[in-house]
Amino acid sequence: MTHKVLVATGGGDCPGLNAVIRGIVKRASIEKEDWKIYGCIESFNGILKDKVELVELTDEMVSGLHVKGGTIIKTTNRGGPFHFPVKQPDGSWVMEDRSLLMKQRLQDMGFEAVINIGGDGSQGISLDLMNIGINVVGVPKTIDNDLSSTDFTFGFQTAVQIATEAFDKLVTTAESHNRVFIMEVMGRDAGWIALHTALAGGAEVCIIPEIPYDARNIVKKIETRYKNGMGFCNIVIAEGAKKADGKVTGNAPEAVGDRHIKLGGVGEVLRRELLDLGIEHDVRVTVLGHLQRGGTPVAYDRILATEFGVKAFELVKEHKYGNLVVYRHPDISHVPLEEALKSPHLVQPDKDFLVHAAKSIGICFGDE
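This is a predicted model, so every value here is computed, not measured. (Residues numbered from 1 in each chain as written. Predicted model: local features only at pLDDT ≥ 70, side-chain atom pairs only at ≥ 80, totals over all residues. Heavy atoms only, no water.)

Student: Can you break down the overall build of the chain residue by residue, with the values?
Tutor: Scanning the chain from terminus to terminus reveals 11 helices and 17 strands. Across its three principal axes, the chain shows a C-alpha extent of roughly 80 × 55 × 35 Å. Counting across all 368 residues of the chain, residues that qualify as buried make up 51%. Pairs at least 24 apart in sequence give 71% of the contacts found in the chain among residues at least 6 apart. For the chain, the accessible surface area stands at approximately 16,300 Å², while carbon and sulfur atoms represent 49% of it. The averaged location of the 49 negative side-chain charges in the chain is 2 Å from the averaged location of its 41 positive side-chain charges. (Helix = DSSP H or I, 4+ residues; strand = E, 2+ residues; numbered from the N terminus. Buried < 20%, exposed > 50% of the residue type's maximum accessible area, 1.4 Å probe, protein only. Contact = heavy atoms within 4.5 Å. Areas by Shrake-Rupley, 256 points an atom, 1.4 Å probe, with all protein chains shown as cover. Lys, Arg positive; Asp, Glu negative; His and termini not counted. Charge placed at Lys NZ, Arg CZ, Asp CG, Glu CD.)

Given below as C-alpha cells:
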C-alpha cells in the first residue's frame, strides 16, 4: 500500500526549513511500506491554484539539503486556503475561501495527511484545516522564537548568530569613529533576537517590544559613554519596538493577499528622536532585515529541524493528527494545536532571567 503525505512551508523563510523537509523524507524512506512525500509549492498555493503545483520529494532530492538555507518548495505569507486572492475581470482582487476545494483535491489525489511547517499564522491555518476534516501535523518555525509550546523554534539560533556577528562588526567601527550605532533586528512582537544579541554582543542599550521605551532614558545612557566628545555606544532595537503610546513603526501591506503590517524603520525613528533631544554625537543606523533569514543554518538549527522532521513523520504514521511538534528539553514531543496557539512566547521583563542579567551588567532598556 502506498501512503501519500503533502508537505508545505508557509510564512517567512527561515534557516532550517530544508533540514525539516530532509528529515521527513529520510525518515519515510526507511519504512517497509511505500511512503511518498510531496512538496506543495509556495505554501498551500500549490494545491489551491487552478493549475496544481506539487513535486515529489525523493531521497536523492533531499541529499545534503540540511546545509542549504531557504526552502526548496518555496514559501509565501500571502493568501492561504481561507483567504486565497483571485483576480477579477475588472482587475480588482477578492479573497476566496478555497479550503473545501483543498480538502477535495487532497482526497482526489490520495493524500492521507499534511505536514505544515510554519509560525503562529501558519499553525492557525493548520488548526482551521483540522476543523474541516483535514489531517494535519504542524512543525513550529519562526526566527522570532515566539511560540510558547516549544523551548526553541528552529531558525532562531541562526538569526541570533547572524545578528551577533553583524553587531560585533558595528562595535569596532563605532569605537573607531566615536559614533552611536543603532542596529535594527527582526522581532514583531517578541524581542528575543534583540535581547540575545544585546547580551552576546555587549550592547549598551536594548529596545524590545515588551518594554516600551522613553528616548530620554536612552540619551542619559549614551552620555555616560562619552567624555570630552570621545566614546561610543551601540544599540540593538527590535523592529516591533514601541514607545509608551504603543504605536509600532511600519506601513500597510501593498501586496495582494498580504495582511501583515510591514514593520521597519524604527531604528531611524529612534535616531531622529535622539537628535531632537540634543544628542550631538554622530548617530548611524544599520537595518539587518532579511539577512537574518538567509544563509546556512547553524548546527543547532540543523539538528533541531531534523528532529522535528523525523517526529512530524512519526506523528503522521501513528495518526496523531491535530498536533504540533515541540521541543521540551530534553524531549522532542507534541502538543495539541489548540494548546500551542493559546498564547505567544514573549519576553516577560519581570520574570525572564535574561532581562535581569542584562540589566545587571548595565544594559539599558529605555524604561528607566
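That shown, we press on.
Student: Give a detailed account of the environment of Leu57, specifying residues and quantitative values.
Tutor: For Leu57, the location among the structural elements is in the loop between strand 3 (54–56) and strand 4 (84–87). Measuring from C-alpha to C-alpha, the distance between Leu57 and Arg22 comes to 8.8 Å, with 35 residues separating the pair along the chain. Contact partners of Leu57, with chain neighbours within four places excluded, come to Ile21, Val25, Ile37, Tyr38, Gly39, Ile72 and Ile73.

Student: Lay out the layout of surface pockets with the relevant residues and their values.
Tutor: Rolled over the atoms, a probe sized like a water molecule indicates the empty space that remains. For the second largest pocket, the calculated volume is near 220 Å³. Lining of the second largest pocket is provided by 11 residues; of these, Glu42, Asn45, Lys49, Phe84 and Pro85 occupy positions nearest its centre. The element best represented in the lining of the second largest pocket is strand 4, accounting for 3 residues. (1 Å grid on protein atoms, 1.4 Å probe; cavity = no way out; pocket = protein on both sides within 12 Å on 5 of 7 lines; lining within 4 Å. Points joined across faces, edges and corners; volume = space filled by probe spheres on them.)

Student: Can you tell me about the sheet that holds strand 7 (residues 136–140), naming the residues and giving the values?
Tutor: Spatial strand order, 3-2-1-6-7-16-17: 7 strands in an open sheet with mixed pairing. Here the strands that pair on one side only, and so sit at the sheet edges, are strand 3 and strand 17 (331–336). On average, each strand axis in the sheet is tilted by 30° relative to the strand beside it, whichever way the strands run. Across 3 bridges, the pairing between strand 2 (residues 34–40) and strand 3 is antiparallel. Bridging from a neighbouring strand, Cys40 pairs with Leu54 of strand 3. The strands that helix 3 (residues 99–109) touches are strand 1 (2–9), strand 3 and strand 6 (111–118); relative to strand 6, the one it contacts most, it runs at about 130°. Against the sheet, helix 9 (residues 299–317) contacts strand 1, strand 2, strand 6, strand 7, strand 16 (323–328) and strand 17, and its axis sits at roughly 140° relative to strand 16. (Pairing = 2+ DSSP bridges. Axes fitted to C-alpha atoms, helices over the stretch in contact; angles between N-to-C directions.)

Student: Can you break down the packing of aromatic side chains residue by residue, with the values?
Tutor: Evaluation of the coordinates by the stated rule reveals 5 aromatic pairs. Ring geometry for Trp35 against Phe313: centres 4.8 Å apart, planes inclined by 75°, an arrangement best described as edge-to-face. Here Trp35, found in strand 2, pairs with Phe313, found in helix 9; they are 278 residues apart in sequence, far enough to count as distant. When sorted by exposure, Trp35 lands in the same class as Phe313, which is buried. Centre to centre, the rings of Tyr38 and Phe111 are 5.5 Å apart; their planes meet at 90°, and the pair counts as edge-to-face. Taken together, the positions of Tyr38 in strand 2 and Phe111 in strand 6 put the pair 73 residues apart, joining distant regions of the chain. Exposure class is identical for Tyr38 and Phe111. Each is buried. By way of ring pairs, the aromatic residues Phe152, Phe156 and Tyr300 are connected into one cluster. Above the ring of Tyr38, the side-chain terminus of Lys4 is found at 5.1 Å from the ring centroid. Across from the ring centre of Phe232, 4.8 Å away, lies the NZ or CZ of Arg225, which sits over that ring. (Phe/Tyr/Trp six-rings, centres within 6.5 Å; stacked < 30°, edge-to-face > 60°. Lys NZ or Arg CZ within 6 Å of the ring centre and 35° of its normal.)

Student: So what's going on with unusual backbone geometry? Residues and values would help.
Tutor: Across the junction of His329 and Pro330, the peptide omega takes the value 5°, indicating a cis bond. Residue placement: Pro330 occurs in the loop between strand 16 and strand 17. Positive phi values are uncommon outside glycine, yet Glu42 reaches one of about 60°. Within the secondary structure, Glu42 is located in the loop between strand 2 and helix 2 (45–48). Look at Glu42 and you get partly exposed, because its relative accessible area is 28%. Of note in this structure, Asn178 is not a glycine but carries a positive phi near 55°. Mapped onto the elements, Asn178 comes out in the loop between helix 5 (156–177) and strand 8 (179–185).

Student: Give a description of the pairing of strand 7 that names residues and reports values.
Tutor: Buried residues dominate strand 7, accounting for 5 of its 5 residues. Where strand 6 and strand 7 come together, 5 bridges link them in parallel fashion. The residue of strand 7 that forms the bridge with Asn116 is Gly138. Following the backbone out of strand 6, through helix 4 (residues 120–131) and into the adjacent parallel strand 7, one traces a crossover that is right-handed. For strand 7 and strand 16, the ladder comprises 2 bridges, and the chain directions are parallel. Bridge assignment links Val137 to a residue of strand 16, and that residue is Asn323. (Right-handed = clockwise from strand over helix to strand, strands pointing away.)

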